[in-house]
Amino acid sequence: MPLDNVVFWVFAPVAVGSAIAMLLMRNAVHAALLLIVNFFCLAVMYLLLDAPFLFAVQIIVYAGAIMVLFLFVIMLLGVDRGEDLSERLIAQRPVAIALGLAIVIEVAVAVRAGVGFATKAPAGFDAANADGNTQALARVLFTKYFFPFEVTSVLLIVAAIAAMVLAQRRARAVTQAELDAVTAHEEASEPGVSG
Amino acid sequence: MRTPIAYFLVLSGMLFATGTVGVLTRRNALIVFMSVELQLNAVNLALVAFSRMHADLNGQVLAFFSMVVAAAEVVVGLAIIVSVYRRRHSVNVDDARLLKW
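This structure is a prediction, so every number in the text was calculated from the model and none was measured. (Residues numbered from 1 in each chain as written. Chains lettered and ligands numbered in written order. Predicted model: local features only at pLDDT ≥ 70, side-chain atom pairs only at ≥ 80, totals over all residues.)

Broken down by element type, chain A carries nine helices and zero strands. Ordered by position from N to C terminus, the α and β elements of chain A give α-α-α-α-α-α-α-α-α. A buried classification covers 22% of the 195 residues belonging to chain A. Pairs at least 24 residues apart make up 52% of the contacts formed inside chain A by residues separated by at least 6 positions. (Helix = DSSP H or I, 4+ residues; strand = E, 2+ residues; numbered from the N terminus. Buried ≥ 20, exposed ≤ 12 C-beta atoms within 10 Å, placed from the backbone. Contact = placed C-beta atoms within 7 Å.)

Here's what the structure looks like:
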């Protein structure tokens, strides 16, 4: 058995297992930690697929930054909150699981028909990665995808501003109805206050 | 590289299905959001696998962009969850149904 096959069969079950365990966790912190395990397994998959740059980005951005942000928000909102398990839709859970299984079967059938399970020696990938994967990616990113790359920076600025605007604490807006209610209450209790 | 690309695609499909089940069944907004992240990652894996299969770097660039957009999405999504929590002291997705008829 070639080494990359071994690595795949070690990390693929861990990835699927941690993903399923994440769904079953009551505690949001445990779910986040399992998701980090899953992201690390995916990073290893990127390494197997000859994408070392994405391997590093996956660990730094996903397992590092994004999951720390998640954990930060979980801690901010409180972790000991129980989840309401009542179902508002009839048989939502069994139907969801059946649909999930349907997706798995559909993907497996489509892959079997379209790609096949044969080992295929990829031709020309080393040529595309001539002097290193990172250099080759940079060449594509800063020539062909230059404009989308710049648009991405605008997106990130907008996201940062949006987060500031959404999360800032502000005085609650008072509606006219509430003002009227307060005024009416004060007028009604006027004699009581003076007396 | 002797692992068939199809294995990676099936793994990606399984992770995507797990994320979908999570979005459909869980009530905690944070875990629903984590399931969405799982789905995004599954699709990234498929993109990188196809990039390997076709010996073409465009798939990896697309996966990179999707990671960047996912980072922006997480920032905005978590800010929305925090502001909903401030308003109604709950992260249950069923509680935020003011606009539902």
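Still more ground to cover, so stick around.
On to the overall build of chain B. Scanning chain B from terminus to terminus reveals three helices and zero strands. Secondary structure elements of chain B, listed N to C terminal, follow the sequence α-α-α. Relative to its length of 101 residues, chain B is extended, with a C-alpha radius of gyration of 17 Å against a globular reference of 13 Å. With respect to the three principal axes, the spread of C-alpha positions in chain B is 55 × 25 × 25 Å. Here chain B holds 101 residues, and the buried ones make up 54% of them. Taking all contacts inside chain B whose residues are at least 6 apart in sequence as the whole, residues at least 24 apart take part in 46%. (Rg over C-alpha atoms; globule rule 2.2 N^0.38 Å.)

Quick look at the interface of chain B and chain A now. Accessible area lost upon the coming together of the parts serves often as the stated size of an interface. Taken together, the contact between chain B and chain A spans 63 residues of the former and 74 residues of the latter. Residues belonging to the side of chain B that touches chain A are distributed by class as follows: 44 nonpolar, twelve polar and seven charged. (Nonpolar A, V, L, I, M, F, W, Y, C, P; charged D, E, K, R; others polar.)

Model confidence for chain A is summarised by a mean pLDDT of 84, while 84% of its residues fall at 70 or above. At the level of individual helices and strands, chain A shows its lowest average pLDDT in helix α9 (residues 190–194) of chain A, which scores 54, and its highest in helix α2 (residues 28–48) of chain A, which scores 93. (pLDDT = per-residue confidence, 0-100.)

Interaxial distance between helix α1 (residues 3–24) of chain A and helix α1 (residues 5–25) of chain B falls to 9 Å at its minimum, and their mutual angle equals 10°. Between α1 of chain A and α1 of chain B, the angle falls in the class roughly parallel. Across the interface between the two elements, Phe-8, Ala-12, Ala-15, Val-16, Ala-19, Ile-20 and Leu-23 of chain A from α1 of chain A touch Tyr-7, Leu-11, Met-14, Leu-15, Thr-18, Val-21 and Gly-22 of chain B from α1 of chain B. The class makeup of the residues in the contact of α1 of chain A with α1 of chain B is twelve nonpolar, two polar and no charged. (Axes fitted to C-alpha atoms, helices over the stretch in contact; angles between N-to-C directions. Parallel < 35°, antiparallel > 145°, perpendicular 65-115°, else oblique.)

Ranked by internal contacts, the top residues of the largest apolar core, which has 70 residues, are Leu-30 and Met-34 of chain B. When contributions to this core are tallied by element, the ones reaching two or more residues are α1, α2, α3 (52–77), α4 (92–114) and α7 (146–167) of chain A together with α1, α2 (29–53) and α3 (58–88) of chain B. Those residues within four positions of Met-34 of chain B in sequence are excluded, and the remaining contacts are Met-22, Ala-31, Ala-32, Leu-35 and Phe-70 of chain A. (Core = buried A, V, L, I, M, F, W, Y, C linked by C-beta atoms within 7 Å.)

It is worth spelling out unusual backbone geometry at this point. Notably, Asp-50 of chain A is not glycine yet its phi reads approximately 60°, a positive angle. A positive phi angle, close to 50°, is found at Ala-55 of chain B, a residue other than glycine. Mapped onto the fold, Ala-55 of chain B is located in the loop between α2 and α3. The class of Ala-55 of chain B is partly exposed, set by 16 C-beta atoms lying within 10 Å.

Let's shift gears to the confidence of the model for chain B. Parts of the model with low pLDDT should not have their predicted coordinates read in detail. Residue and element names in this part refer to chain B. With 97% of its residues at a pLDDT of at least 70, chain B reaches an overall mean of 88. Mean pLDDT values over the elements of chain B span from 90, in α3, up to 93, in α1. Here the predicted complex carries an ipTM of 0.91, next to a pTM of 0.84.

A separate point is α1 of chain A. Two residues of an α-helix separated by three or four positions point the same way, owing to the 3.6 residues in each turn. Given a rise of 1.5 Å per residue, 22 residues ought to cover 32 Å, and the 32 Å separating the end C-alpha atoms of α1 of chain A matches this to within 8%. When α1 of chain A is considered as a whole, its buried residues turn out to be Phe-8, Ala-12, Ala-15, Ser-18, Ala-19, Met-22 and Leu-23 of chain A. Down the axis, α1 of chain A shows its buried residues gathered within 145° of arc, on one side only. Relative to its buried face, α1 of chain A has exposed residues pointing more than 90 degrees away, namely Val-6, Trp-9, Val-10, Pro-13 and Leu-24 of chain A. Looking at the packing, one finds that the buried side of α1 of chain A touches α2 of chain A together with α1 and α2 of chain B. (Expected span 1.5 Å × (residues − 1). Arc of directions from axis to C-beta.)

This brings us to the environment of Phe-72 of chain A. Checked against the element boundaries, Phe-72 of chain A lands in helix α3. Taking the C-alpha atoms as reference points, Phe-72 of chain A and Phe-147 of chain A, 75 residues apart in sequence, are found 33 Å from one another.

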